[in-house]
Amino acid sequence: MSELRKDPVTGRWVIISTERRKRPTDFRLEPVRPAPDGTCPFCEGHEQMTPKELLAYRQNGSAADAPGWTLRVVPNQFPVLRVEGTLDRQGEGLFDKMNGIGAHEVIIESPRHDATLATLDEGAVEQVLWACRERVQDLKRDHRFRYMIIFKNHGAAAGASLEHSHTQLIALPIVPREVGDEVDGARAHWVAKERCVFCDILRQETADARRLIAENADMVAVAPYAPRFPFETWILPRRHQALFEEAPRHEYAALARLLGDLLRRMNTALEMPPYNLLIHSAPVAEAAGEYYHWHVEIIPKLTKVAGFEWATGFYLNPTAPEEAAQVLRDART
Ligand SMILES: [Zn+2]
Ligand SMILES: [Zn+2]
Ligand SMILES: [Zn+2]
């Protein structure tokens, strides 16, 4: 029997389709293995191929936009939104629109073309998280921006146009709907129960353990109760905090450690899968301190969204989260 399950945060229903049950080997996998590329603009020595850096971590006082860095942040060469100009809201009768103001930045995670978040050492992954924090804190000073979304496309099948490992940051003049749904759900839970729904999830999942994948002193990785996609994984900080960019340093270190461990488990179990990763944090102007709880979502790209999903907003997931968690717990790294 299939099972309908409701996500406790957003109220979104999913169908866990056990009739179509899929194990890792049943997916048509598209392994991601970066190969050397002499024309890559993100490689060390090619700094002139990108716009000027906004931030870089460098050793030995090397010059900006020159070799000697361990991480660089640059504006996206083909931004979806542009920084210049004033925000102009207008409409055509019924229809709302505004001009394309925003910021679109790229965090180049390593000077090496073949490095990934799964192969970089913990310190380098922590640096990526720290750079995201620094950029969000800087962009927050710009009052045109309501939300900063941090995300990563790993592999062409997950939407990456460049193979060299990088994370993207887009500052938006509106709060995106997926985030709005989570914030609304978390607020409603708070109003009803005076507790954070994510703290409640943490309490239940760590006590139950069937969907627990891995944990350390500060972070917990779980397969959510009502996942949209097979092997969807959330990493939550144990300590309640609404804003990613206000986490203490040791939590980034703990996240870097758990994220590396999780991605290596996925690489073993799912044969180097393409994936999307995103960080959800409270919107800039939302006083969500008590009820929202920042977290990371990782979604391996194993299935395609089809007509049923588009038509209904329901997701059809062929792998139960209990099974996904078991597979990832057992994966050797
Ligand atoms: Zn490269
Ligand atoms: Zn919480
Ligand atoms: Zn989320």
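Everything below is about the structure printed above this text.
Okay, so let's go over this structure. (Residues numbered from 1 in each chain as written. Chains lettered and ligands numbered in written order. Predicted model: local features only at pLDDT ≥ 70, side-chain atom pairs only at ≥ 80, totals over all residues. Heavy atoms only, no water.)

**Focus: the overall build of the protein**
Scanning the protein for helices and strands turns up six helices and 15 strands. Radius of gyration (C-alpha) of the protein: 20 Å, near the 20 Å computed for a compact globule of 333 residues. By its C-alpha atoms, the protein is 60 × 50 × 40 Å across when sized along the principal axes. By the burial criterion, 53% of the 333 residues in the protein qualify as buried. For the protein, the accessible surface area stands at approximately 15800 Å², while carbon and sulfur atoms represent 52% of it. The positive charge centre, built from 41 side chains, and the negative charge centre, built from 47, are 2 Å apart in the protein. (Helix = DSSP H or I, 4+ residues; strand = E, 2+ residues; numbered from the N terminus. Rg over C-alpha atoms; globule rule 2.2 N^0.38 Å. Buried < 20%, exposed > 50% of the residue type's maximum accessible area, 1.4 Å probe, protein only. Areas by Shrake-Rupley, 256 points an atom, 1.4 Å probe, with all protein chains shown as cover. Lys, Arg positive; Asp, Glu negative; His and termini not counted. Charge placed at Lys NZ, Arg CZ, Asp CG, Glu CD.)

**Details of the coordination of the zinc ion (ligand 2)**
Those protein atoms acting as donors to the zinc ion (ligand 2) are Cys196 (SG), Cys199 (SG), His240 (ND1) and His293 (ND1), and they sit at 2.0 to 2.3 Å. The coordination sphere of the zinc ion (ligand 2) comprises four donor atoms, whose angles at the metal cover 107 to 113°; the geometry is tetrahedral. Positions of the donor residues of the zinc ion (ligand 2) along the chain correspond to the pattern C-x2-C-x40-H-x52-H. Of the two residues, Cys196 is situated in the loop between helix H2 (177–193) and helix H3 (197–208) and His293 in the loop between strand E13 (275–280) and strand E14 (295–300); the sequence distance between them amounts to 97 residues. Exposure class is identical for Cys196 and His293. Each is buried. (Donors = N, O, S within 2.8 Å, 3.2 Å for Na, K, Ca; no water. Tetrahedral: all angles 85-135°; square planar, octahedral: opposite > 155°, others 65-115°.)

**Things to note about empty space enclosed by the protein**
Tallied over the full model, the rule gives two cavities of 30 Å³ or more. Considering the residues around the largest cavity, the lining is formed by 13 residues, among which Val136, Met148, Glu245, Ser281 and Ala282 are closest to the centre. Residues of the lining of the largest cavity, tallied by class, amount to 10 nonpolar, one polar and two charged. Space inside the second largest cavity adds up to approximately 90 Å³. Taken together, 13 residues make up the lining of the second largest cavity; nearest its centre are Leu117, Val128, Leu129, Thr167 and Leu277. Counting residues per element, the ones that place at least two in the lining of the second largest cavity are helix H1 (122–139), strand E8 (147–154), helix H4 (249–270) and E13. Of the residues forming the lining of the second largest cavity, the biggest block, four residues, is contributed by H1. Here the lining of the second largest cavity is built from residues that sort into 11 nonpolar, one polar and one charged. (1 Å grid on protein atoms, 1.4 Å probe; cavity = no way out; pocket = protein on both sides within 12 Å on 5 of 7 lines; lining within 4 Å. Points joined across faces, edges and corners; volume = space filled by probe spheres on them. Nonpolar A, V, L, I, M, F, W, Y, C, P; charged D, E, K, R; others polar.)

**Here's the deal with the sheet that holds E8**
The 10 strands are arranged E3-E4-E7-E9-E8-E13-E14-E12-E11-E10 in an open sheet whose pairing can be described as antiparallel. Edge positions in the sheet fall to strand E3 (55–58) and strand E10 (212–215), since each of these pairs with one other strand and no more. The mean angle between the axes of side-by-side strands here comes to 15°, regardless of whether they run parallel or antiparallel. Across four bridges, strand E4 (residues 69–75) lies against strand E7 (residues 103–108) in antiparallel orientation. Each residue of the ladder has a partner; that of Pro75, found in E7, is Glu105. (Pairing = 2+ DSSP bridges. Axes fitted to C-alpha atoms, helices over the stretch in contact; angles between N-to-C directions.)

**Observations concerning the coordination of the zinc ion (ligand 1)**
Protein-derived coordination of the zinc ion (ligand 1) comes from Cys40 (SG), Cys43 (SG), His113 (ND1) and His164 (ND1), at a distance range of 2.0 to 2.3 Å. Motif for the zinc ion (ligand 1), donor spacing along one chain: C-x2-C-x69-H-x50-H. Pair noted here: Cys40 is in the loop between strand E2 (13–16) and E3 and His164 is in the loop between E8 and strand E9 (166–172), with a separation of 124 residues, a long-range link. What makes Cys40 buried here is its relative accessible area of 1%.

**Some thoughts on the sheet that holds strand E1 (residues 3–6)**
Reading across from one edge, E1-E2-E15 is the order of the three strands in this open sheet, with mixed pairing throughout. Strands at the two margins of the open sheet, each flanked by one partner only, are E1 and strand E15 (315–317). In this sheet, neighbouring strand axes are inclined to one another by 30° on average, regardless of whether the strands run parallel or antiparallel. Relative to E2, E1 is paired through four bridges, and the arrangement is antiparallel. Across the sheet, Leu4 pairs through a bridge with Ile15, a residue of E2.

**Description of the pattern of salt bridges**
Note that side chains of opposite charge can pair when their charged atoms are close. Counted under the stated rule, the structure contains 30 salt bridges. With a shortest N-O distance of 2.8 Å, Arg187 and Glu286 are connected by a salt bridge. With Arg187 in helix H2 and Glu286 in the loop between E13 and E14, this residue pair connects regions lying 99 residues apart in the sequence. Note that Arg238 and Glu215 form a salt bridge whose closest N and O atoms lie 2.7 Å from each other. In this pair, Arg238 is assigned in the loop between strand E12 (233–237) and H4 and Glu215 in strand E10, connecting sequence segments 23 residues apart. The class for Arg238 is partly exposed, based on a relative accessible area of 33%. (Salt bridge = Lys/Arg side-chain N within 4 Å of Asp/Glu carboxyl O.)

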